[in-house]
Amino acid sequence: MCRARRAFDLSGAEPLLTEGQSSIYTACMQSKPILSRLPALELTPFGPAGPEGEYRFFALRLPRPGWESWRPGQFLMLRPAAFGLELPWARPFSICHTTARCLICFFQVCGRGTRRMAQLKHGEEVNVWGPLGNGFAVEPDSQTLLLAGGMGIVPFVGYVNAHPKPWNTSMLFGHREPLQCYPVDNIHEYIPLDSLRETRHGELDNFIFTLNERMRDCAEQNGLVLACGPLPFLQTVRKFAKELKARTQISLENTMACGVGACLGCVTRTSDAWPTPEKRGGLVQACRQGPVFWADQVKL
Amino acid sequence: MDISVTLRGQTHDLALKNPVLTASGTFGCGLEFAPYGDLKSLGGIVVKGISLLPREGNPCPRVVETAAGMLNAVGLQNDGVEDFCAHKLPSLPWRDTPIIANIYAASADEFADLAARLNVEDGVAALEINVSCPNVAKGGVLFGQDPTLAAAVTSAVRKAAPRKHVMVKLSPNVTDIALMAKSVEEAGADSVSCINTLLGMAVDLRLRRPKLANVLGGLSGPAIKPVALRCVWQIVQAVHIPVVGVGGIVNAHDALEFILAGAHAVQIGSGNFMRPDCAFAVAAQLSAACEEIGITSMEELRGTLQNGSALQCKHTATA
Ligand SMILES: Cc1cc2nc3c(=O)[nH]c(=O)nc-3n(C[C@H](O)[C@H](O)[C@H](O)COP(=O)(O)OP(=O)(O)OC[C@H]3O[C@@H](n4cnc5c(N)ncnc54)[C@H](O)[C@@H]3O)c2cc1C
Ligand SMILES: Cc1cc2nc3c(=O)[nH]c(=O)nc-3n(C[C@H](O)[C@H](O)[C@H](O)COP(=O)(O)O)c2cc1C
Ligand code: FES
C-alpha cells in the first residue's frame, strides 16, 4: 500500500489521562465493549520487505469505534469480513493507540489470519469488538519499568502516550527482527528505550541479565514493572519478580476464541495470592480477568 | 410477522417468541453477550453446561481453530449448580426469555439430583440433558452412545424435574441417531436437540504434537452443518416430539434450512465467536428472511422438504 515506516502519525492524539485523574480508570473499567463494523483505512508496513517483496509487520488504521474510553493493556477482537466461513475466529490484538478519529492496531504476520489481514484493502470491512479485558496499572509517581518482548511492545505505545508523568517510565525491549519492524519511535518520543536484539546464541543470556538488573533497580525503588511478550519471556519475568520482590504485572497472550469470557479457551490458573478465596488455585478467563495479571497471582 | 413457536412436549410445552436459541457452552451464562444485543430478543438462552459440583475441565490448550470450524475440549468447566442458582440465574432476564439449563452428570442418580435441584428454580424454563459431550472420560460419551443408558438418564431427569420441559441433546457420534431419538422419546423426553460436537483431532506436524492437550476434541462450526442437517432430517422422520437443530448455523438462511428439514427451533453455537451479535442478528433477521422466501409462519416451512425423486420429477417437468 505504501512505503515502510517506523512511526505512525499521532497528530490529534488526545491524552487519555491527565494528572490527578487516576480515578478515571475505574470509570474506564466499566466502559462497555461494543461491536463495530469498520472500513480498513490504511495498512502501513514496517521494517524491510522480504525476498518476495512481502512485509511482515503492519500498522492497521481504522476509524475510531464509538468507545467512550479505553485503558492501555486492553485489547480488541478483530475479524475481517474476508475471513468468511473459512476462519471462524476473530483474532485478539492489543489496542495500540487511538486518536480522536482513528484506532491503530499493530500486528505481525504469523499465521492464516494475520496473513489475510496483511492483504486488507482500503475500505474492506472489518468487525471489531472491544475494548476488552482490564489493562495495566498506572501509578503516575512510581518508577515504572516497561518490559516488552517482540509484539509485546504494542500495548505500551498507548501506555506511554497516556501516562501523566512519562519521565517516570522507561523501557527495555527485546526483539528478534530488526528494530524498524516495531513501532519504537512512537515510544521513544516519550520515554527512554533500551533495545536488545537477539540474533545469535548467547544474546538471549545478555538480555536476561539486563532484565534482571533493571528489575532489581526498579524493585529497590518500590517501582512498578509491567511486562508483555511471549510466554517464555513472561515466565522469566515472573521468576525474577518473585526473587526480587518486584511489584510486577504481566499481560498474557493466551489463545482466544471469543474474547468475552464465554468459550473458556483462554483460561489461566491462579495462585494462592489471588484476591478472591474461592478462585484461588482455580481457572480464570484471561480475556476477562486479564489479559493483565499481577505476576504473583497466576501460575504460568 | 409472528415467528413464535411452541415446542409441544409429552409433558411440558416450551413457548418461544422466536425459534432462535443459543447453544450451550458458546454463550457463557448469557450475560457475557449482553453488551452486543438484547438478551430478551432471543427465543431462549441455553447456558453453559452445569454439573452438581464445580468442575475444572481439561488442561489447555483446549480450543483450536480448524477449517471452517473449531475443536474444543473444554471438558465442562463450570462453577456448579449452586453457584449458577445463586449468582447467574438471578441476573438473567428469565421472566422474558426462557432460560434452559444444560446439565451434565456422571450417573443417572447424579442427573436426578441435579434435575431436582433445578426443578425448584422458577428462573429455569427447561433442562437440556447433555448425554453427548465427547470430552469427559467418564460418563458423557457413554450415555449418548447407548440407547438404553440415554433412556435411563432421560427418565431419571423426567421424574426428578416434574415442573420442567426436558430436552435431550444428542450426539452425532453414533451409528443410528434416529434410534437414539426414539429411545429418549419413549423415556419421556419433551424434545430433542441435535447435534453436539463431532469427535475430531488436529495435529501440529512440525512439533509432532496434538493441538489439544486432550488430544481429542469436539468439532463445531460451519464445517458440521451438513452433518447436523442430516441428523435433524433423520430424527424428524423417526419421532413425534419437536427437534431443535444445532450445528454450523450462522445466519437466518441457515436457520430456515433447519426448519425446512423439520426442526422447530435452532441453536447458534460457534457463530457467536464469529461475531458476538450472531444469535441476536439471526433472531432479528428471521422475519425478513421468511418474507424473502414467501412464507408467513414457521409452520408453512417446517418439514416441507421435498424428497429427492420429487425434486427430480419437478426438474424434468420444467426442463
Ligand atoms: C490479548 C492479546 C493481545 C495481542 N496483541 C497482539 C498485537 O498487538 N499484535 C500482534 O501481532 N499480535 C497480538 N496478539 C497475538 C495475535 O492474536 C496472534 O498472533 C494471532 O491471533 C495469530 O493469528 P493467525 O491466524 O495469524 O495465526 P494462527 O494461524 O491462528 O496461528 C499461527 C501461530 O500463532 C500462534 N497463535 C495463535 N493465536 C495466538 C494468540 N492468541 N496469541 C499468541 N499466539 C497465537 C499459534 O500458536 C501459531 O503458532 C495478541 C494476543 C492476545 C491474546
Ligand atoms: C467451546 C464450546 C463449549 C461447548 N460446551 C457445551 C456444553 O457445555 N454442553 C453441551 O451440551 N454442548 C456444548 N457445546 C456444543 C454446542 O452447544 C453445539 O452443540 C456445537 O458447538 C455445535 O453447534 P455449532 O456448530 O453452532 O457450534 C460446546 C461447544 C463449544 C464450541
Ligand atoms: S477467549 Fe473465550 S473465554 Fe476468553
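Per chain, the residues get numbers from 1 upward, laid out in the order the sequence is written. All chains are assigned letters beginning at A, and all ligands numbers beginning at 1, according to the order in which they are written. Only residues with pLDDT of at least 70 are given local features in this predicted model, and only at 80 or more are side-chain atom pairs given and counted; all residues enter the totals for whole chains, interfaces and linings. By convention in this description, side-chain values take in all heavy atoms of the structure and omit both hydrogens and water.

(A) The arrangement of a nonpolar patch on the surface in detail. Residue and element names in this part refer to chain B. Patch rule: a residue counts if its relative accessible area is over 30% and it has no salt bridge; like charges are joined within 9 Å, and nonpolar side chains (Val, Leu, Ile, Met, Phe, Trp, Tyr) within 5 Å. Reported accessibility uses the Shrake-Rupley method at a 1.4 Å probe radius. Residues are deemed covered only where the shown protein chains occlude them. Salt bridges are identified by distance alone: a Lys or Arg side-chain nitrogen within 4 Å of an Asp or Glu carboxyl oxygen. The grouping of Leu199, Met201, Val203, Val215 and Leu216 at the surface amounts to a nonpolar patch, some 410 Å² of accessible area in total. The helix and strand labels rest on DSSP assignments: H or I over at least four residues marks a helix, E over at least two residues marks a strand, and numbering proceeds from the N terminus. Among the secondary structure elements, Leu199 is positioned in strand β11 (residues 198–201). We call a residue buried when its accessible area falls under 20% of the maximum for its residue type, exposed when it is over 50%, and partly exposed in between, using a 1.4 Å probe and counting protein chains only. Its relative accessible area of 44% is what places Leu199 among the partly exposed residues.

(B) Structural detail: the environment of Ala137 of chain A. Residue and element names in this part refer to chain A. With respect to the helices and strands, the residue Ala137 is situated in the loop between β8 (125–132) and β9 (144–149). Residue classification places Ala137 among the buried positions, given a relative accessible area of 13%. Each C-alpha atom, one on Ala137 and one on Gly66, is 24 Å from the other, the two residues being 71 residues apart in sequence. Throughout, a residue-residue contact means that at least one pair of heavy atoms, one from each residue, lies within 4.5 Å. In contact with Ala137, other than residues within four places in its own chain, are Arg71, Tyr159, Leu224, Leu226, Gln249 and Trp294.

(C) Spatial organisation of the site of ligand 2. By nearness alone, 24 residues border ligand 2, and Ser24, Lys169, Gly221, Gly248 and Ser270 of chain B come closest of all. One finds residues of chains A and B in close proximity to ligand 2. Pairing of N or O atoms within 3.5 Å defines a polar contact, subject to two protein rules: one partner must be a possible hydrogen donor and the other a possible acceptor, and residues neighboring in sequence count only if both atoms are side-chain atoms. Ser24 of chain B is positioned such that a nitrogen or oxygen atom in its backbone is 2.7 Å from an oxygen atom of ligand 2. Lys169 of chain B places a side-chain nitrogen or oxygen 2.7 Å from an oxygen atom of ligand 2. Protein chains bury 98% of the 610 Å² of accessible surface belonging to ligand 2 in isolation. It suffices for a single heavy atom of a residue to lie within 4 Å of a molecule or strand for the residue to be listed as near it.

(D) Local environment of the site of ligand 1. Residues and elements named next belong to chain A. The local shell around ligand 1 holds 20 residues, among which Arg91, Pro92, Phe106, Gly113 and Thr114 are the closest. Between ligand 1 and Gly111 there is a distance of 3.0 Å, counted from an oxygen atom to a backbone nitrogen or oxygen. In this structure, a nitrogen atom belonging to ligand 1 sits 3.2 Å away from a main-chain N or O atom of Glu253. Burial of ligand 1 by the protein chains amounts to 74% of its free accessible area of 840 Å². Listing elements by their share of the shell around ligand 1, those giving two or more residues are β5 (91–94), β7 (102–108) and α2 (112–117). If you tally residues by element for the shell around ligand 1, the top one is β5, at four residues. Here the residues of the shell around ligand 1 sort into ten nonpolar, seven polar and three charged. Domain ranges listed in this record stem from an automatic or a database domain assignment. Residue-level mapping places the shell around ligand 1 at the junction of two domains, with at least three residues from each of domain 1 (19–131) and domain 2 (144–297). Amino acid classes used here: Ala, Val, Leu, Ile, Met, Phe, Trp, Tyr, Cys and Pro are nonpolar; Asp, Glu, Lys and Arg are charged; the rest, including Gly, are polar.

(E) Fine view of the packing of helix α7 (residues 252–260) of chain B against helix α9 (residues 278–292) of chain B. Residues and elements named next belong to chain B. Orientation is described by axes fitted as lines to C-alpha atoms, over the contacting stretch for helices, and by angles from 0 to 180 degrees between their N-to-C directions. Where α7 meets α9, the closest approach of the two axes is 8 Å, and the angle between their N-to-C directions is 65°. As judged from the angle between their axes, α7 and α9 are roughly perpendicular. Relative to α9, α7 is oriented so that their crossing is right-handed. In contact with Ala252, His253, Ala255 and Leu256 of α7, α9 contributes Val282, Gln285, Leu286, Ala289, Cys290 and Glu292. Broken down by class, the residue content of the contact of α7 with α9 amounts to seven nonpolar, two polar and one charged. Throughout this description, any angle smaller than 35 degrees is read as roughly parallel, any larger than 145 degrees as roughly antiparallel, any in the 65 to 115 degree range as roughly perpendicular, and the remainder as oblique. Crossing chirality is assigned from the near helix's rotation relative to the far helix, an anticlockwise turn below a right angle marking it left-handed and a clockwise turn marking it right-handed.

(F) Just α7 of chain B, in detail. Residue and element names in this part refer to chain B. Residues of α7 that are buried: Ala252, Asp254, Ala255, Leu256, Phe258 and Ile259. Where α7 is buried, its residues meet α6 (225–238), β15 (243–246), β16 (265–268), α9 and α10 (298–301). In this structure Asn251 caps α7, since a side-chain oxygen of it lies 3.1 Å from the backbone nitrogen of His253. Once α7 finishes, Gly262 follows within two positions and takes phi at roughly 120°, a positive value.

(G) Quick look at the sheet that holds strand β6 (residues 69–72) of chain B. All names here are of chain B. Strand order in the open sheet formed by four strands is β5-β6-β14-β11, and the pairing between neighbours is antiparallel. The open sheet is flanked by β5 (63–66) and β11, the only strands paired with a single partner. Strand after strand, the sheet turns through a mean of 40° between neighbouring axes, direction not considered. At least two DSSP bridges between two strands are needed for those strands to be called paired. By the bridge criterion, three bridges tie β6 to strand β14 (residues 216–220) in an arrangement that is antiparallel.

(H) Quick peek at the interface of chain A and chain B. Contacts between the two partners involve 33 residues from chain A, matched on the other side by 30 residues from chain B. Carbon and sulfur atoms make up 60% of the area that chain A and chain B hide from each other, which totals about 2,600 Å². Buried area: the accessible area, evaluated with a 1.4 Å probe, that two parts lose upon being put together, summed over both parts. When the buried surface of chain A facing chain B is broken down by residue, Pro88, Trp89 and Leu264 of chain A rank first, second and third, together holding 22% of it. Viewed at the interface, chain B and chain A are joined by four salt bridges. The shortest N-O distance in the salt bridge between Glu56 of chain B and Arg269 of chain A comes to 2.7 Å. At the surface where chain A touches chain B, the tally comes to six residue pairs in polar contact (both at pLDDT 80 or more).

(I) Summary view of the packing of helix α5 (residues 177–186) of chain B against α6 of chain B. All names here are of chain B. It is at 8 Å that the axes of α5 and α6 come closest, and there the two elements cross at 50°. Taken together, the axis directions place α5 and α6 in an arrangement best described as oblique. Here α5 and α6 pass one another in a crossing that is right-handed. Side by side, α5 and α6 meet where Ile177, Ala178, Ala181, Lys182 and Glu185 of the first sit next to Arg230, Cys231, Gln234, Ile235 and Ala238 of the second. For the contact of α5 with α6, the class distribution of residues is six nonpolar, one polar and three charged.

(J) Focus on the nonpolar core. The nonpolar core is taken to be a set of buried Ala, Val, Leu, Ile, Met, Phe, Trp, Tyr and Cys residues, with the residues joined through side-chain atoms within 4.5 Å. Leu147 and Met215 of chain A together with Leu118 and Leu170 of chain B are the most contacted members of the largest nonpolar core, which has 135 residues in total. Of the residues forming this core, the biggest block, eight residues, is contributed by α9 of chain B. Lining this core are residues from two domains, each supplying at least three of them: domain 1 (19–131) and domain 2 (144–297) of chain A. Not counting residues up to four positions away in its chain, the partners in contact with Leu147 of chain A are Phe156, Leu172, Leu211, Met215, Val225, Leu226, Ala227, Cys228, Phe233 and Val237 of chain A. Core analysis: the second largest hydrophobic core is formed by 30 residues, Cys96, Phe156, Ile191 and Leu224 of chain A among them.

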